[in-house]
Amino acid sequence: MKESYRSKTAFALAWVWLAFVAFNVWDLIAHYTGKSSLVALAVLGALTALVYSIALRPATVFTQEGLVGRNPFRTTFLPWASIDDVTVSHSINVHHGDERVLRLWTPMSSARERAKAQRRGAPRRQRGRFTTEPTLSRSEQAAVEAFAGKTHADWVGDQIRERAEAARRRDEQAAPPRVTWSYDSIAVLVAAIALVVAAIVVA
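Residues numbered from 1 in each chain as written. Predicted model: local features only at pLDDT ≥ 70, side-chain atom pairs only at ≥ 80, totals over all residues. Heavy atoms only, no water.

A turn of α-helix holds 3.6 residues, and therefore any two residues three or four places apart point the same way. In a regular helix each residue adds 1.5 Å, so 22 residues correspond to 32 Å; helix α2 (residues 35-56) covers 30 Å between its end C-alpha atoms and thus fits that length. Buried within α2 are the following residues: Ser-37, Leu-38, Leu-41, Ala-42, Leu-44, Gly-45, Thr-48, Ala-49, Val-51, Ser-53, Ala-55 and Leu-56. Buried-residue contacts for α2 involve α1 (8-30), β3 (66-70) and α6 (183-202). (Helix = DSSP H or I, 4+ residues; strand = E, 2+ residues; numbered from the N terminus. Expected span 1.5 Å × (residues − 1). Buried < 20%, exposed > 50% of the residue type's maximum accessible area, 1.4 Å probe, protein only. Contact = heavy atoms within 4.5 Å.)

As a general point, the strands of a sheet are linked pairwise by backbone hydrogen bonds and lie either parallel or antiparallel. Pairing is antiparallel in the open sheet, where three strands are placed in the order β5-β6-β7. Edge positions in the sheet fall to β5 (83-88) and β7 (100-104), since each has one partner strand and no second. Strand-to-strand twist in this sheet, taken as the mean axis angle between neighbours without regard to direction, amounts to 25°. Along the sheet face, helix α5 (residues 152-169) touches β5, β6 (92-96) and β7 and points at about 165° away from the line of β5. (Pairing = 2+ DSSP bridges. Axes fitted to C-alpha atoms, helices over the stretch in contact; angles between N-to-C directions.)

A word on the nonpolar core. Counting 17 residues, the largest nonpolar core has Leu-67, Ile-83, Ile-92, Val-94 and Ile-160 as the members making the most contacts within it. Listed by contribution, the elements that provide at least two residues to this core are β5, β6, β7 and α5. Counting residues per element, this core draws most heavily on α5, at five residues. In contact with Leu-67, not counting residues within four places along its chain, are Thr-60, Val-61, Phe-62, Thr-76, Phe-77, Leu-78, Trp-80, Ile-83, Val-94, Leu-104 and Ile-160. (Core = buried A, V, L, I, M, F, W, Y, C linked by side-chain atoms within 4.5 Å.)

Here we come to the sheet that holds strand β2 (residues 59-62). Strand order in the open sheet formed by five strands is β1-β2-β3-β4-β8, and the pairing between neighbours is antiparallel. Only two strands of the sheet have a single neighbouring strand rather than two, namely β1 (3-5) and β8 (178-181). Pairwise comparison of adjacent strand axes, ignoring direction, gives a mean angle of 15° for this sheet.

Looking now at the pairing of strand β4 (residues 74-79). Within β4, five of the six residues are buried, which leaves the element mostly enclosed by the surrounding structure. Across five bridges, β3 lies against β4 in antiparallel orientation. Note that in β4 the partner of Val-68 across the bridge is Phe-77. Taken together, β3 and the strand that follows it, β4, pair antiparallel across an intervening segment of three residues.

Here the focus is the environment of Ile-29. Here Ile-29 is to be found in helix α1. According to the relative accessible area criterion, Ile-29 is exposed, its value standing at 57%. Distance from Ile-29 to Leu-41, taken between C-alpha atoms, is 9.1 Å for residues twelve residues apart in sequence.

The next point concerns the pattern of salt bridges. A full pass over the atoms with the stated rule returns six salt bridges. When the shortest N-O distance is used, the salt bridge between Glu-3 and Arg-163 registers 2.8 Å. With a gap of 160 residues between them, Glu-3 in strand β1 and Arg-163 in helix α5 connect regions that are remote in the sequence. Relative accessible area serves as the criterion here: at 26%, Glu-3 is assigned to the partly exposed category. Here Asp-158 ties to Arg-161 by a salt bridge, and the two come within 2.8 Å at their closest N and O atoms. With Asp-158 and Arg-161 both in helix α5 and three residues apart, this pair spans about one turn of that helix. Relative accessible area serves as the criterion here: at 18%, Asp-158 is assigned to the buried category. Here the salt bridges share partners, and the residues they tie into one network are Asp-85, Lys-150, Asp-158 and Arg-161. (Salt bridge = Lys/Arg side-chain N within 4 Å of Asp/Glu carboxyl O.)

That's the geometry; what it means functionally is another story.
Have a look at this one:
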């Protein structure tokens, strides 16, 4: 069973952008005026290629066999047993092989999110004699403690580390990583470049 992690905000905004582009492409084709319409299409194409590459495509995917890191122009597969360590800063950095590092594009932690997580993890001072906040159940309290001081990226990094350690305990083979090009991103980029070239030629 696959588990995918991505930036929900970027993903949602990207689909809003695609809806905006679809409407504008229809309008430009329906009311085609020559050079100006072609230039507008080229601009929309270039921006859409950028949005697709950095907002729609990136994802961190857990499979039974290993970790899949989908970055803008490459996809890297790492068997769980081949992962040596995981560190989290702004991005999740997966260490493997001969001191190689796979930097995952999602989820990332901003300085604001990390500061918020640290405030959430800090002990709260009780003011007054009586408690005004609702009492949490055991499961809710366990969830709060698990996420205390951690961002979403920290939590995903912990999951990667735990799965790698479990694979090594099962003596799974540390197979080499597989890296492939993202042909979908390349195709979108080529189409955008073709539109830009056509707009320049016509101009």
